[in-house]
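Chain residues, written in single-letter form:
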Amino acid sequence: MFRRPSVPQVSVQEAHERASAGGPTDPLIVDVRNPDEFARVRVPGSVLLPLPFFAQRYNELPADRPILVICATGNRSTTATAFLQRSGYSESANVVGGITAWYHAGLPVRTDAVEPGEGDLPR
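Conventions we followed
Residues numbered from 1 in each chain as written. Predicted model: local features only at pLDDT ≥ 70, side-chain atom pairs only at ≥ 80, totals over all residues. Heavy atoms only, no water. Helix = DSSP H or I, 4+ residues; strand = E, 2+ residues; numbered from the N terminus. Rg over C-alpha atoms; globule rule 2.2 N^0.38 Å. Buried < 20%, exposed > 50% of the residue type's maximum accessible area, 1.4 Å probe, protein only. Contact = heavy atoms within 4.5 Å. Areas by Shrake-Rupley, 256 points an atom, 1.4 Å probe, with all protein chains shown as cover. Lys, Arg positive; Asp, Glu negative; His and termini not counted. Charge placed at Lys NZ, Arg CZ, Asp CG, Glu CD. Expected span 1.5 Å × (residues − 1). Phe/Tyr/Trp six-rings, centres within 6.5 Å; stacked < 30°, edge-to-face > 60°. Lys NZ or Arg CZ within 6 Å of the ring centre and 35° of its normal.

(A) Inspection of the overall build of the chain at higher detail. Along its length, the chain carries 5 helices and 5 strands. Its helices and strands taken in sequence order, the chain reads β-α-β-α-β-α-β-α-β-α from the N to the C terminus. Taking 2.2 N^0.38 as the reference for a compact globule, 123 residues should give roughly 14 Å; the C-alpha atoms of the chain span a radius of gyration of 13 Å, in line with that estimate. With the principal axes as the frame, the chain shows a C-alpha extent of 40 × 35 × 25 Å. Looking at the chain residue by residue over its 123 residues, the buried ones come to 42%. Within the chain, counting contacts between residues at least 6 apart in sequence, those at least 24 apart form 71% of the total. Roughly 6,700 Å² of accessible area belongs to the chain as shown, and the carbon and sulfur atoms make up 53% of that amount. For the chain, the distance from the average site of its 12 positive side-chain charges to the average site of its 13 negative ones is 7 Å.

(B) Examining the environment of Ser-90 more closely. Secondary-structure assignment places Ser-90 in the loop between helix H4 (75-86) and strand S5 (92-95). Note on Ser-90: relative accessible area 57%, which makes it exposed. Sequence separation between Ser-90 and Ile-67 is 23 residues, and the spatial gap between their C-alpha atoms is 9.0 Å.

(C) Region of interest: H4. For H4, built from 12 residues, the straight-helix expectation of 16 Å at 1.5 Å per residue is met to within 8% by its first-to-last C-alpha distance of 17 Å. Those residues of H4 lying buried are Ser-77, Thr-78, Ala-80, Thr-81, Ala-82 and Leu-84. Contact partners of the buried residues in H4: helix H3 (51-57), strand S4 (67-70) and S5. With its phi angle positive at about 95°, Gly-88 sits one or two positions after the end of H4.

(D) Region of interest: the packing of aromatic side chains. Scanning the model with the defined rule gives 3 aromatic pairs in all. A centroid spacing of 6.1 Å and a plane angle of 80° characterise the contact between Phe-54 and Phe-83, whose relative ring orientation is edge-to-face. Of this pair, Phe-54 sits in helix H3 while Phe-83 is found in helix H4, placing the two residues 29 residues apart along the sequence. Classification of Phe-54 as buried rests on a relative accessible area of 2%. Ring pairs connect the aromatic residues Phe-54, Tyr-58, Phe-83 and Tyr-89, which therefore count as one cluster. One residue, Arg-42, lies across the ring of Phe-38, its end atom 5.7 Å from the ring centre.

Read these as spatial facts, not as claims about activity.
Here it is as structure tokens:
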């Protein structure tokens, strides 16, 4: 039987509070959904790194700040967070319930057209 990996977890409310504190070491919210999902609804300021490309590109994520991983409901982000934990990103956590829980909690989302550069990984 398949067991979901045990990874650090944060609620959508905690993720929102931590990511919007306004400091240079605030967590980065990394969305691992597909681009079409990201285009429909997304967390403002989040970056997009779809799960199919995650293992090849995770090292582009900053190692000097916490990473909060989000998907639609928490399944793909759990997988990505487990990968990050194994890869030395000890300050990474899964956002429980994903964008679905975020939206239903009434937290800020964007549903308009994706702007050029929006969702790009930090340089």
